[in-house]
Amino acid sequence: MQLTDILYDKHHGIATITINRPDVMNAFRGATIQQLIYAFRDAWDDVKIGAVILTGAGQRAFCTGGDQKTKVDVGGYDFNGGLGGGIGLEIEQLHLVIRNIPKPVIAAVNGYAIGGGHVLHVICDLTIAAEHAKFGQTGPTVGSFDGGFGSSYLARIVGDKKAREIWYLCEQYSAAECQEMGLVNKVVAGELLMDEALNWAQKICAKSPTALKILKYSFNADTANIQGISQLSMASLALFYKTDESNEGREAFIEKRAVNFAKFRK
């Protein structure tokens, strides 16, 4: 696969996957998701790889979710169905490959982890964040949502009340706040982020691969039912994306104006 939207490197048993769209704050389009799935599956299949690091290019953003401006572009969103389940992105497949790859995945959050980008770090096994990183959700602000791992699994990590706050208010949280709520494992200075992520990955690679695989599957077993919730959520989201209400969020974002959802409460 030609990698236009990501960087992929394998070195000393560690695979590093970098979302490489810094000009749009590492927001993803359809092609980005396909390339991320490809890289994770390659790391899964490579027996020499013991750990995976997921990060974003530059210092501003880890990932800011779906690129609203590419919904109608080639390589962007494809609303003809297929593996994207009707929402135009194979995001459910990406969530599952990160969750099911039998090797620990470390999110190295180098900036904003917002919206769908926030969901990606939540699904990763471990999260190391730069001090300047910001975390939060935007779905209800732009006419979208994640009723699967992005909300149900999030609630398992931070607690139900806090997860509802994150989704209902769509505010942003510092790396230190996220560490306090158990959403981030460690916070380091920005210039030390990748060094620390590599340090953790090296420690993981020194451990028994079979033990790590069984441990990951054991951790996942308790929340395996969320996959079914995710499928229902994505099917509902496909229908919602076709409504005027959802389009209001996208159009307000593109036009850089205040969103007006009040008209849908009549």
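Residues numbered from 1 in each chain as written. Predicted model: local features only at pLDDT ≥ 70, side-chain atom pairs only at ≥ 80, totals over all residues. Heavy atoms only, no water.

Trainee: Is there a simple way to think about a nonpolar patch on the surface in this case?
Mentor: Where nonpolar side chains cluster on the molecular surface, the patch consists of Met 1, Leu 3 and Tyr 38 and spans about 270 Å² of accessible area. With respect to the helices and strands, Met 1 occurs in the segment before strand 1 (6-11). Under the relative-accessibility criterion, Met 1 is labelled exposed at 54%. (Patch = residues over 30% accessible without salt bridge, like charges linked within 9 Å, V, L, I, M, F, W, Y side chains within 5 Å. Areas by Shrake-Rupley, 256 points an atom, 1.4 Å probe, with all protein chains shown as cover. Salt bridge = Lys/Arg side-chain N within 4 Å of Asp/Glu carboxyl O. Helix = DSSP H or I, 4+ residues; strand = E, 2+ residues; numbered from the N terminus. Buried < 20%, exposed > 50% of the residue type's maximum accessible area, 1.4 Å probe, protein only.)

Trainee: Can you walk me through the nonpolar core in this structure?
Mentor: It is characteristic of soluble globular proteins that their nonpolar side chains tend to be buried jointly. By size, the foremost hydrophobic cluster in this structure holds 53 residues, and its most contacted members are Phe 40, Val 52, Leu 54, Leu 94, Ile 98 and Phe 135. If one sorts the elements of this core by residue count, helix 1 (residues 30-45) sits on top with 6 residues. Leave out the neighbours within four places in its chain, and Val 52 touches Ala 15, Ile 17, Phe 40, Ala 43, Ile 101, Pro 104, Val 105 and Ile 106. Judged by nonpolar contacts, the second largest core, of 14 residues, contains Ala 51, Ala 108, Ile 128 and Ala 130. (Core = buried A, V, L, I, M, F, W, Y, C linked by side-chain atoms within 4.5 Å. Contact = heavy atoms within 4.5 Å.)

Trainee: What exactly am I supposed to notice about the packing of aromatic side chains here?
Mentor: To describe a pair of aromatic rings, one takes the distance between the centres and the angle between the planes. Within the structure shown, the criterion is met by 2 aromatic pairs. Relative to Phe 264, the ring of Phe 261 has its centre 6.5 Å away and its plane inclined at 50°; by these criteria the two rings are tilted. In this structure, Arg 99 packs its charged tip against the face of Tyr 153, placed 5.7 Å from the ring centre. (Phe/Tyr/Trp six-rings, centres within 6.5 Å; stacked < 30°, edge-to-face > 60°. Lys NZ or Arg CZ within 6 Å of the ring centre and 35° of its normal.)

Trainee: Just to check I follow, could you spell out the confidence of the model for the protein for this structure?
Mentor: Any region with low pLDDT has predicted coordinates that should not be read closely. Predicted confidence across the protein gives a mean pLDDT of 91, with 93% of residues reaching 70 or more. Note on residues 72-84: pLDDT is under 50 here. Beyond four places in sequence and across chains, it has 30 contacts. (pLDDT = per-residue confidence, 0-100.)

Trainee: I tried to follow helix 6 (residues 160-169) on my own but got confused; where do I start?
Mentor: Owing to its 3.6 residues per turn, the α-helix brings residues three or four apart onto one side. Within helix 6, the full set of buried residues consists of Ala 163, Ile 166 and Trp 167. Seen end-on, helix 6 carries its buried residues on one side only, within an arc spanning 90°. The exposed set on the far side of helix 6, more than 90 degrees from its buried face, consists of Lys 161, Tyr 168 and Leu 169. Tucked inside the fold, the buried residues of helix 6 contact helix 4 (139-142), helix 5 (149-158) and strand 9 (172-174). Just beyond helix 6, the residue with positive phi is Cys 170, at close to 55°. (Arc of directions from axis to C-beta.)

Trainee: Just to check I follow, could you spell out the UniProt feature "binding site: hydrogencarbonate" (unreviewed entry) in the protein for this structure?
Mentor: As recorded in UniProt, the sites labelled "binding site: hydrogencarbonate" (unreviewed entry) are Gln 137, Thr 138 and Gly 139. Tracing the backbone shows Gln 137 in the loop between strand 8 (134-136) and helix 4. When residues no more than four places from it in sequence are discounted, the contact partners of Gln 137 are Gly 115, His 118, Val 119, Ile 166, Trp 167, Cys 170 and Glu 171. Of the polar contacts made by the side chain of Gln 137, one reaches the backbone oxygen of Gly 115; its length is 3.0 Å. Here Gly 139 is to be found in helix 4. With relative accessibility at 7%, the residue Gly 139 sits in the buried group. (UniProt positions renumbered as here; feature names shortened; annotations may be inferred. Polar contact = N/O pair within 3.5 Å; in protein donor to acceptor, adjacent residues only side chain to side chain.)

Trainee: Help me understand the pairing of strand 3 (residues 51-56) in this model?
Mentor: On a regular strand, one side chain projects to one face of the sheet and the next to the other, so that they alternate. With 6 of its 6 residues buried, strand 3 lies for the most part within the structure. Burial along strand 3 is two-sided: the residues Ala 51, Ile 53 and Thr 55 and Val 52, Leu 54 and Gly 56 are all buried. One ladder, built from 6 bridges, connects strand 2 (residues 14-19) with strand 3; its direction is parallel. Looking at the pairing, Thr 16 lines up with Ile 53 of strand 3. (Pairing = 2+ DSSP bridges.)

Trainee: For this particular structure, what's the right way to read helix 1?
Mentor: Compared with the 22 Å implied by 1.5 Å per residue over 16 residues, the 23 Å span of helix 1 between its first and last C-alpha is a close match. Check the buried side of helix 1 and you find it contacts strand 1, strand 2, strand 3, helix 2 (91-100) and strand 5 (105-109). (Expected span 1.5 Å × (residues − 1).)

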